Amino acid sequence: MSPETISQSVLVPLEGDALSDGELKYPKWQAEFQESMVELDREKLCEKMKKFENAVFVRLKELASSSDHRNEREAIADAASTLRLLKKDKLS
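First things first, this report covers the structure right here in the doc. For every chain, the first residue of the written sequence is number 1, and numbering continues from 1 along that sequence. Totals for whole chains, interfaces and linings use every residue, but because this is a predicted model, local features are given only for residues with pLDDT of at least 70 and side-chain atom pairs only at 80 or more, for both listing and counting. Only hydrogens and water are set aside; all other atoms, that is, all heavy atoms of the structure, feed into the side-chain values.

Brief notes about unusual backbone geometry
The residue H69 is not glycine, and still its phi comes out positive at about 70°. By the secondary structure assignment, H69 is in the loop between α3 (42–63) and α4 (70–91). Only protein chains enter the accessibility calculation, which uses a 1.4 Å probe. A residue is then buried if its area is under 20% of the maximum for its type, exposed if over 50%, and partly exposed in between. Note on H69: relative accessible area 35%, which makes it partly exposed. Runs of H or I in DSSP of at least four residues are treated as helices and runs of E of at least two as strands, each being numbered from the N terminus.

Next comes the structure, spelled out in structure tokens:
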């Protein structure tokens, strides 16, 4: 599966979860993910991936005490998988 395919679950809201244009469903980490996906410069890509990883770490700590947020946890897992593939493809 390509990074583009996996990332669709993070970039495109599910039916019923539609947001207005420009609004992020998961603003605490999704902007960092999107910035990583469009970065072409290898050095900047590494930096943006680190920012994403830090944002996800903080967010998962916030979610640790809650059993809710299943959709967000799945979106984080999808985004992380996508960036692992991107890292392998672009930085190896």
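Side note on the packing of helix α2 (residues 30–38) against α4
Between α2 and α4, whose axes approach to 11 Å, the crossing angle comes to 25°. As summarised for this structure, α2 and α4 are arranged roughly parallel, according to the angle between their axes. Read as a crossing pair, α2 and α4 show a hand that is left-handed. Side by side, α2 and α4 meet where F33, S36 and M37 of the first sit next to A79, T82, L83 and L86 of the second. Note on method: axes are straight lines fitted to C-alpha atoms, helices fitted across the in-contact stretch only, with angles between N-to-C directions ranging 0 to 180 degrees. Throughout, the term roughly parallel applies to angles under 35 degrees, roughly antiparallel to angles over 145, roughly perpendicular to angles from 65 to 115, and oblique to all others. By convention the crossing between two helices is left-handed if the near helix lies anticlockwise of the far one by an angle smaller than a right angle, and right-handed if it lies clockwise. We call two residues contacting when some pair of their heavy atoms lies within 4.5 Å.

Digging into α4
Expected helix span is given by 1.5 Å per residue-to-residue step, counting one fewer step than there are residues. In this model α4 runs 31 Å from its N-terminal to its C-terminal C-alpha over 22 residues, within 8% of the 32 Å that 1.5 Å per residue would give. Taken residue by residue, α4 has E72, A75, I76, A79, T82, L83 and L86 as its buried positions. What you see down the axis of α4 is that its buried residues fit within an arc of 130°, all on one side. Along α4, the residues that are exposed and aim more than 90 degrees away from the buried face are R70, R84 and K88. In this description, one arc is meant: the one made by directions from the helix axis to the C-beta atoms.

That is the geometry; function is a separate question.
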